[in-house]
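Results of the structural survey
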Amino acid sequence: MNITIDANFGAKLNPVADTMLEFSDAAARKVKKLIEEEGNSKSRLRVSVYGGGCSGFQYSFSLDEESTEGDKTVENQGVKLVVDPMSYQYLAGSEVDYTDGLEGAMFVVKKKSGIAGIADLKGKRVAVGPQGAGFEYFVRP
């Protein structure tokens, strides 16, 4: 969605933030595999953002069957990612990705300015962020 603001005596201002949420192919493939293992074709990946106090935000990833009014949905490879409206404002301009490397297998929330959060598939909390900012992210089993 592009937003144009007519302000400052008619001068056009560019939007300061991208409002799209991207769902990578790697994340969609992993979610599809988890759904197949669970045996519930109605499942979708739900991403939620919670206040974490002094340690920043906490991101929760879970498989969910339900959609609520106002949920934003992103689809890739027939797999849906859903986000509630409150969480979406913090995720806009990000990409939900999945990596499997030396650090382990995890979903990752990437901001345009760099990695903003990591979720360990074992449900462990990982305190990371841009330049060691101390954000916390986790996956609920």
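Refer to the preceding data block for the structure.
Now for a quick tour of the structure. (Residues numbered from 1 in each chain as written. Predicted model: local features only at pLDDT ≥ 70, side-chain atom pairs only at ≥ 80, totals over all residues. Heavy atoms only, no water.)

Concerning the packing of aromatic side chains
- Considering all chains together, one arrives at two aromatic pairs under this definition.
- Taking the centre distance of 5.5 Å and the plane angle of 10° together, the rings of Phe 61 and Phe 107 count as stacked. Placement of Phe 61 in strand E5 (residues 57-64) and of Phe 107 in strand E9 (residues 104-111) is noted, with a sequence separation of 46 residues between them. Accessibility assignment for this pair places Phe 61 and Phe 107 in one class, buried.
- Three or more aromatic residues link up through ring pairs in this structure, and these residues are Phe 61, Tyr 98 and Phe 107.
- Above the plane of the ring of Tyr 88 lies Lys 72, whose end atom (NZ or CZ) is 5.8 Å from the centre. (Phe/Tyr/Trp six-rings, centres within 6.5 Å; stacked < 30°, edge-to-face > 60°. Helix = DSSP H or I, 4+ residues; strand = E, 2+ residues; numbered from the N terminus. Buried < 20%, exposed > 50% of the residue type's maximum accessible area, 1.4 Å probe, protein only. Lys NZ or Arg CZ within 6 Å of the ring centre and 35° of its normal.)

Overview of the environment of Leu 63
- Among the secondary structure elements, Leu 63 is positioned in strand E5.
- As a C-alpha pair, Leu 63 and Glu 38 span 25 residues in sequence and 9.5 Å in three-dimensional space.

A closer look at the nonpolar core
- With 22 residues, the main nonpolar core has Leu 21, Phe 23, Leu 45, Val 47, Phe 61, Leu 81 and Leu 91 as its most contacted residues.
- The set of elements that each furnish at least two residues to this core consists of helix H1 (25-38), strand E4 (44-51), E5, strand E7 (79-83), helix H2 (85-91), strand E8 (94-101) and E9.
- No other element matches the four residues that H1 contributes to this core.
- With sequence-adjacent residues up to four places away left out, Leu 81 is seen in contact with Leu 21, Phe 23, Leu 45, Val 47, Lys 72, Thr 73, Val 74 and Val 96. (Core = buried A, V, L, I, M, F, W, Y, C linked by side-chain atoms within 4.5 Å. Contact = heavy atoms within 4.5 Å.)

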